[in-house]
Amino acid sequence: MAESRQTVSETLAGIVERRPVLAPVLNAFAPLLEARSALPEKLSPMIEESGFVLPPWRQERAQQGAPLLAGASLKGLFPLLRKSADVLLPLLEALPGMNGYADALTSFFQNEEMCMRAADTLLTGHETALAEAAEETHLPPAVLLFALEVVVGPVLRALALKYDAPWDERASSWMQGFCPVCGSFPSISYLDKRVFDEKNAFLAGGGGKKHMHCALCGTEWHFRRGACPSCGKEGSGVMEFLRESENSRGERIDWCTKCKSYCPTVDLRECAGTPDMDAMALGMMHMDIVAAQKGLTPLKPSFWNQF
Ligand SMILES: [Zn+2]
Ligand SMILES: [Zn+2]
């Protein structure tokens with residue numbers, strides 16, 4: 001995307017200004033979000049040192065709906081996970097309600113075998129290894145999964161940054177509602193801004209194309225506006241959107257009338273800048289409450305939207 005993004009703190013400051021009631025929770029999460037967004041660049045050089053072989057993007061595989069890292073093992077990337085854990089665990093443990101788990105989380109991320117096995121489950125979706133790890137560490141499964149996603153996320157982002165978004169090359173390159181790199185569902189989506197051609201100041205495009213944002217590996221990909229990312233149904237009347245008020249600055253939830261899943265969405269044509277999408281997803285938690293009241297389920301359960 002051409003326009004530069006706001007930083008995490010710029011985005012959070014904007015949200016707090018509009019919605020002061022969220023200040024305590026946004027302030028609590030801010031250090032973790034900021035540190036996490038700075039990590040992938042620091043981890044990037046460690047990928048070569050680790051000897052990890054990046055799988056090539058294969059068009060025919062992608063057309064069958066297989067994410068890039070499907071079936072891959074993160075084996076060998078433990079040093080990156082360690083670095084990520086060193087930076088992020090203290091911030092994670094400082095979150096309200098998390099301090100009681102500090103010792104168990106610390107020892108979990110020191111156990112290479114167990115922690116890499118659990119990390120692989122983020123890519124395979126096999127929950128058995130995760131459930132076993134939760135039992136062994138005496139951590140509630142939701143807490144372990146949250147910590148794992150927080151710590152492994154920047155490592156996956158460092159990997160995803162090595163590709164030049166081949167999934168967005170053509171409209172047919174990647175047709176799925178889940179992430180082309182890691183297979184997760186998006187935490188938030190956005191409609192892009194109008195595009196101006198700087199040289200002659202003509203409107204080059206009306207904007208409004210839909211992009212999905214993966215909270216785990218940070219990848220963004222284009223997706224059809226009339227289609228449900230969860231059940232794949234498409235056509236008029238499938239996707240509806242819900243706004244909180246008239247003056248919502250493009251913030252809404254897009255939900256499927258068929259399977260009742262939803263994804264927070266921001267229409268950037270109604271925003272002044274382009275927010276950091278991870279901070280924005282957290283800042284739209286008031287919409288998660290609206291969605292829960294309507295009986296909808298989040299496409300990507302987050303720590304804060306599991307009511
Ligand atoms: Zn992803
Ligand atoms: Zn659906």
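Every chain is numbered on its own, with residues counted from 1 as its sequence reads. Key to labels: chains lettered from A, ligands numbered from 1, both in the order written. Only residues with pLDDT of at least 70 get local features here, since the model is predicted, and only at 80 or more are side-chain atom pairs given and counted; chain-wide, interface and lining totals rely on the full set of residues. Hydrogens and water are ignored here; the side-chain numbers use all heavy atoms of the structure.

1. Here we look at helix H8 (residues 141-160)
Part 1 of the reasoning: The secondary structure listing takes helices from DSSP runs of H or I that are at least 4 residues long and strands from runs of E that are at least 2 residues long, numbered from the N terminus. To estimate the expected span of a helix, subtract one from its residue number and multiply by 1.5 Å. For H8, which comprises 20 residues, the first-to-last C-alpha distance of 27 Å matches the rise-based estimate of 28 Å (1.5 Å per residue) to within 8%.
Part 2 of the reasoning: Three labels apply to residues, based on accessible area from a 1.4 Å probe with only protein chains included: buried if under 20% of the type maximum, exposed if over 50%, partly exposed otherwise in between. With respect to burial, H8 is a largely interior element, 17 of its 20 residues being buried.

2. Quick notes on the domain arrangement of the protein
Part 1 of the reasoning: Residue ranges for the domains trace back to a domain assignment, done automatically or taken from a database. Split by domain assignment, the protein resolves into domain 1 (22-160) and domain 2 (168-298).
Part 2 of the reasoning: Placing a centre on the C-alpha atoms of domain 1 and another on those of domain 2 gives a separation of 24 Å.
Part 3 of the reasoning: Whether two residues are in contact is decided by their heavy atoms: any pair within 4.5 Å suffices. Facing 22 residues of domain 1, the contacting portion of domain 2 comprises 23 residues.
Part 4 of the reasoning: Defined in terms of a 1.4 Å probe, buried area is the accessible area two parts forfeit on being brought together, summed over both. Between domain 1 and domain 2 the total buried area reaches about 1800 Å² when both faces are included, carbon and sulfur atoms providing 65% of it.
Part 5 of the reasoning: Contact with domain 2 buries surface across domain 1, with Leu22, Pro67 and Arg157 losing the most and accounting together for 26% of the total.
Part 6 of the reasoning: Any Lys or Arg side-chain nitrogen found within 4 Å of a carboxyl oxygen on Asp or Glu counts as a salt bridge. Applying the counting rule to domain 1 against domain 2 returns 2 salt bridges.

3. Observations concerning the pairing of strand E7 (residues 251-256)
Part 1 of the reasoning: Counting buried residues in E7 gives 6 out of 6 residues, a clear majority hidden from the surface.
Part 2 of the reasoning: Judged by which residues are buried, E7 turns out to be covered on both faces: Glu251, Ile253 and Trp255 on one side and Arg252, Asp254 and Cys256 on the other are all buried.
Part 3 of the reasoning: When DSSP locates at least two bridges between a pair of strands, those strands are taken to pair. Relative to E7, strand E6 (residues 239-243) runs antiparallel, the two sharing 5 bridges. Looking at E7, one finds that arginine 243 is bridged to arginine 252.
Part 4 of the reasoning: Connecting E7 to the antiparallel partner strand E8 (residues 261-267) that follows it, the hairpin turn spans 4 residues, and lysine 260 within it adopts a positive phi of roughly 60 degrees.

4. Looking at the environment of glutamine 176
Part 1 of the reasoning: Turning to its location among the elements, glutamine 176 is positioned in the loop between H8 and strand E1 (188-191).
Part 2 of the reasoning: On a C-alpha basis, the gap between glutamine 176 and alanine 66 in space is 9.2 Å, while along the polypeptide they are 110 residues apart.
Part 3 of the reasoning: Filtering out sequence-adjacent residues up to four positions away, glutamine 176 remains in contact with Gly65, Trp221 and Phe223.

5. What to know about the coordination of the zinc ion (ligand 2)
Part 1 of the reasoning: Keep in mind that water is not among the atoms, so a site may look incomplete; donors are the N, O and S atoms within 2.8 Å of the metal, or 3.2 Å for Na, K and Ca. Here the zinc ion (ligand 2) is held by the protein donor atoms Cys228 (SG), Cys231 (SG), Cys256 (SG) and Cys259 (SG), which lie 2.3 Å from it.
Part 2 of the reasoning: If you look at the zinc ion (ligand 2), its 4 donor atoms make angles of 104 to 115 degrees with each other, and the shape they trace is tetrahedral.
Part 3 of the reasoning: Mapped onto the sequence, the donors of the zinc ion (ligand 2) take the spacing C-x2-C-x24-C-x2-C. With a gap of 28 residues between them, cysteine 228 in the loop between strand E5 (220-223) and E6 and cysteine 256 in strand E7 connect regions that are remote in the sequence. Geometry is assigned from the angles between donors: four donors with all angles from 85 to 135 degrees make a tetrahedral site, four or six donors whose opposite pairs exceed 155 degrees while the rest stay between 65 and 115 make square planar or octahedral sites respectively, and everything else is labelled irregular.

6. Re the packing of aromatic side chains
Part 1 of the reasoning: Pairing of aromatic side chains requires ring centres within 6.5 Å, counting the rings of Phe and Tyr and the six-membered ring of Trp. Pairs whose planes differ by under 30 degrees are stacked, by over 60 edge-to-face, and all others tilted. Summed over all chains, the structure comprises 6 aromatic pairs.
Part 2 of the reasoning: Ring centres 5.6 Å apart and planes at 80 degrees place the aromatic pair tryptophan 174 and phenylalanine 178 in the edge-to-face group.
Part 3 of the reasoning: Given the relative accessible area of 21%, phenylalanine 178 is considered partly exposed.
Part 4 of the reasoning: Ring pairs connect the aromatic residues Trp57, Tyr163, Trp167, Trp174, Phe178 and Phe185, which therefore count as one cluster.
Part 5 of the reasoning: Positioned above the aromatic ring of phenylalanine 223, the side-chain terminus of arginine 224 is 5.0 Å from the ring centre. A ring has a charge above it when a Lys NZ or an Arg CZ is no more than 6 Å from the ring centre and no more than 35 degrees off the ring normal.

7. Regarding the pairing of E1
Part 1 of the reasoning: Of the two faces of E1, the one carrying Ile188 and Tyr190 and the one carrying Ser189 and Leu191 are both buried.
Part 2 of the reasoning: Looking at chain direction, E1 and strand E4 (residues 210-213) are connected through 4 bridges and run antiparallel. If you follow leucine 191 over to E4, its bridge partner there is lysine 210.
Part 3 of the reasoning: Bridge count between E1 and E8: 3 bridges; the pairing is parallel.

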